[in-house]
Each structure stands twice: as C-alpha cells, then as structure tokens.
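# Chain and residue survey
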Amino acid sequence: MTGAPEYPFRNPTALEPPPEWAELRQGCPVAPIRLASGDEALLLTRYDDVRQVLSDPRFTRRLDAEDAARVTANESGGVFGGALSGASTMSGENHRAWRQLVGKAFTAKRVTAMQPRIQAITERLVDRMVAEGQPADLVSSVGFPLPVWAICDLLGVPDSDRDRFAYWSDTMLSMTRFTQEEIDAAQAEFDAYLIALVEAKRAEPGDDLISELLVMVEGLDGRLTEQLLLGTAKGLLVAGHETTANMIGKMMSMLLSDPARWQALLADRALIRPAVEESLRFDANPGFGMPRYLSEEVEVGGERLPGGTTVICSMAAANRDERQFERAAEMRLDRSPNPHVAFGVGPHSCLGQALARTELQTVLKVLLDRLPTLELAVPATALRRREGLIVGGLEQVQVRW
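To start, this report covers the structure provided alongside it. Just so you know, the residues in each chain are numbered from 1, in the order the chain's sequence is written. The predicted nature of this model means local features are confined to residues of pLDDT at least 70 and side-chain atom pairs, given and counted, to a pLDDT of 80 or more, with totals for whole chains, interfaces and linings taken over all residues. Side-chain measures here rest on the full set of heavy atoms in the structure, leaving out hydrogens and waters.

## Some points on the overall build of the protein chain
- Helix numbering and strand numbering both begin at the N terminus, where a helix is a DSSP run of H or I of at least 4 residues and a strand a DSSP run of E of at least 2. The secondary structure content of the protein chain amounts to 15 helices and 10 strands.
- Accessibility here uses a 1.4 Å probe with only protein chains present; expressed as a share of the type maximum, an area under 20% marks a residue as buried, one over 50% as exposed, and anything in between as partly exposed. Across the 401 residues in the protein chain, those meeting the buried criterion constitute 56%.
- When checking whether two residues touch, look at their non-hydrogen atoms; a contact exists if any pair is within 4.5 Å. Expressed as a percentage of contacts within the protein chain between residues at least 6 apart in sequence, the contacts between residues at least 24 apart total 75%.
- The accessible surface values rely on the Shrake-Rupley method and a 1.4 Å probe; as for residues, cover is taken only from the protein chains in view. For the protein chain, the exposed surface amounts to about 16,700 Å²; the carbon and sulfur share of it is 50%.

## A look at the sheet that holds strand β4 (residues 136–137)
- When DSSP finds two or more bridges between a pair of strands, those strands are recorded as paired. One open sheet accounts for 3 strands, arranged β4-β10-β9; its pairing is antiparallel. The open sheet has two edge strands with one neighbour each: β4 and β9 (375–376).
- Where β4 meets strand β10 (residues 398–400), 2 bridges bridge the pair, whose relative direction is antiparallel. The residue of β10 that forms the bridge with D137 is Q398.

## Let's talk about the environment of R62
- Looking at the element boundaries, R62 is found in the loop between β3 (59–60) and α3 (85–89).
- Residue class for R62 comes out partly exposed when judged on its relative accessible area of 35%.
- Residues R62 and L294 lie 232 residues apart in sequence; the distance between their C-alpha atoms is 8.6 Å.

## Examining the pairing of strand β1 (residues 30–34)
- Of the pairings in the sheet, the one linking β1 to strand β2 (residues 40–44) comprises 5 bridges and is antiparallel in character. Paired with V30 across the strands is L44, a residue of β2.
- Between β1 and β2, which pair antiparallel and follow one another directly, the connecting turn spans 5 residues, one of which, G38, has a positive phi of 95°.

## A look at the packing of aromatic side chains
- Each Phe, Tyr or Trp ring (for Trp, its six-membered ring) is paired with any other whose centre lies within 6.5 Å, and the angle between the two planes then decides the class: stacked below 30 degrees, edge-to-face above 60, tilted in between. What the rule picks out here adds up to 5 aromatic pairs.
- On the basis of an interplanar angle of 90° and a centroid distance of 5.3 Å, the ring pair of Y7 and F9 is categorised as edge-to-face. An identical accessibility class is assigned to Y7 and F9; each is buried.
- Judged by centre distance (5.8 Å) and plane angle (45°), the ring pair of W168 and Y193 falls under tilted. Residue W168 is located in helix α8 (residues 165–172), and its partner Y193 is located in helix α9 (residues 180–203); the two are separated by 25 residues in the primary sequence.

## Let's talk about the pattern of salt bridges
- One speaks of a salt bridge when a side-chain nitrogen belonging to Lys or Arg is within 4 Å of a carboxyl oxygen belonging to Asp or Glu. This model, assessed by the stated rule, comprises 24 salt bridges.
- E212 serves as the salt-bridge partner of R110, at 2.0 Å between the closest nitrogen and oxygen. With R110 in helix α5 (residues 108–132) and E212 in helix α10 (residues 209–218), this pair connects stretches of sequence that are 102 residues apart.
- Under the relative-accessibility criterion, R110 is labelled buried at 15%.
- Residues D369 and R269 are paired through a salt bridge, measuring 2.9 Å at the closest nitrogen-oxygen approach.

Here it is, written out as structure tokens:
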C-alpha cells in the first residue's frame, strides 16, 4: 500500500463529489487508502460491494481489534468509538437483541406522533429567523436547533439542557478538530450528564425512550446492561442530531443551488418526499463512510481480502454508481425507485432514519410554504465545508427571501 492516497478525499467545492470516487469505481473499486491516523485500509466505492460488506456478518465493527486500522490519531474514533459505546461493537445474537429492544421504543409510530411537534418547532425557528432579518444562516437558525430538540424530546432531555449537546457531539465526531484532552473532558461531562439523567428517569419515569429502555433493562436479567443503556442513549443523542443537522443545510443548498429545483418543488408538493431521498443519495459531502473489520478471508469486488483487513464503505460513492442509478450524476427530484444506502444496509442500518426523514421533509415543507422566494445569498461555490469531523456538513448556508 505504499503511496496510498490520504482519505477522506478533498471535495472541489462543498456540493461537488471528489473526482476520486468516479475514478475508483471505474478502475479500482477496492482501493488502498491512508487514514488520518496514518494507518492503512481499503476503500469500497461501488454500490454492490458496499451493500455486500454492510450485509455480511464477517465484516464486523470490532475496530478495537489489535490489527484494525485506527480511524483517527486520537482515541475518540467518533461514532466508531466512544459515541456508541458497546452497541457499535456488538455482533450476532447480542446485536439482534439490542436492535429489537431499541427498535421497540424507537418506532415509526412514535416518530409519526412527533411530527406535529417537529412542524411546530420548525415554524417557530423560521419565525425567529425571519424576525432577525436577512440574510440569515439556515444552519444555525434551523439546521442545528431542530434535530437537537427532536432527539432530546424523544429521549426525555429537558429543554434547558439541549444547548449543551452540540459541543459534546462535535468532540465525539472529531477526526482532527480537537485535542485528546478536549475530547476526554467533553466525553466525561457527557457521561456524567447521562448517568444523572438515567437516575432521574429511574426515580421519575416519563413518556420517553430512556424510561422505556430502563423498563426493558430491568426485565432482561442484565442482557442489556446499564453501561450499554448509557452507550445507546449517547449514540442516539450524537448520531440522532449531528447527522440530520448537517443534512438540513446540505439538502437546502442542493435544492437552492439550481433555481429550477426549487421552482419544481413550489409547483408540486408531491415532490417533497422523493426530493428528500434524492438529496440523501446525491450528498457529495457525507463525511467519512462506514468502517468494517474483516474477521476472516472474504472475496469482495473480485479480490480476496485477508482476515484482519479494515474496509471503509463509501455509501456516498456507492450512491453515485452508474451501474445502479440511471443518470447517477444528475439530481432528479422525482427519482423512483431510489434504493440509496445513505442510512446504511443490513443489521447496522441507521435506527433513526424514520426520524431523520420526518425532520427533513418537515423542514422542506415549512420553508416552501413560508418562504417561497428563498434563495442562496452567496454563490454555491462559496459554501464552505465543516472540516475535521467524521460527519460532513457546511459551516453556513446564507439565504435571503
């Protein structure tokens, strides 16, 4: 792997994919790369290969194995390390049991019931943005406050504590932005907060996910330990707001960067749902991808990969694979079917995808209804990516109306 390129690759602009994705899909779909830690891994960029690996239990999340590549130079490892705690490394029957338990509480029914509240908070955030005048930053005005509110509402976090999560989340998703001391201090604060929150819910349960998980833990003879409960809550808090918060800004930038897209949505609200799915597929700035550790020799993309190999699945590159998606390089708001892999595949696919979809659709609907003349206040080429985090996003999305 001498001379392997550094990964993640650089985007030409915030909304354009790295040219390496297409080059590797064509000529080297199982490609050696060098990570921020200095360790080496293999990158997958084709749709079929990514689906295969994410669905194959021989590719595990045991990224703490002695011969596994480290994602980052520090010990955080973002959502691959501390943020999901024990849940991320479970496999087989233990992981299925965990998914079943959390899935019982994290239901589509619960998310559907949240939609009116999500719409109400979105409208309040837009009201405040409009009152403060234009141009306005969609990221700070709507993108980050809404998902924080929604995931905290789901978990039963008090309103007064919700502003504290952005910094904790950033440190856990950092590749290069924070020092190890900053990461350790933030995670210790987050752990202490969650322990206190769990104790408060045990003393006084509510209609929330943590209270439901506590009931399940107490009835399962320790199968889901309190440590795992804390890890689950932490993972949902981080992954449940950080990814969606960034996606709101990216989705709106994609839709506003071409006025014809916005006009099409104004003319036909039935496009809202497929437009959200196409934004997820078309995302050129998703962040790191999904790492997997290979427990035994497996063939992928025509190559035999030895046990001990660390593989990075680029779902975003896979989502632009011409073999799977007709006119993959075009953003088509009415694309159907759209079997993108933005939320992953198989037993480790994103538990919070119903909530993320509801938030994205609601934001788009409210902005179309309230601000039909919305447009970018800067050229799309001037948008700046958030740097140094595992999750991709934009620093600001300045708009006017």
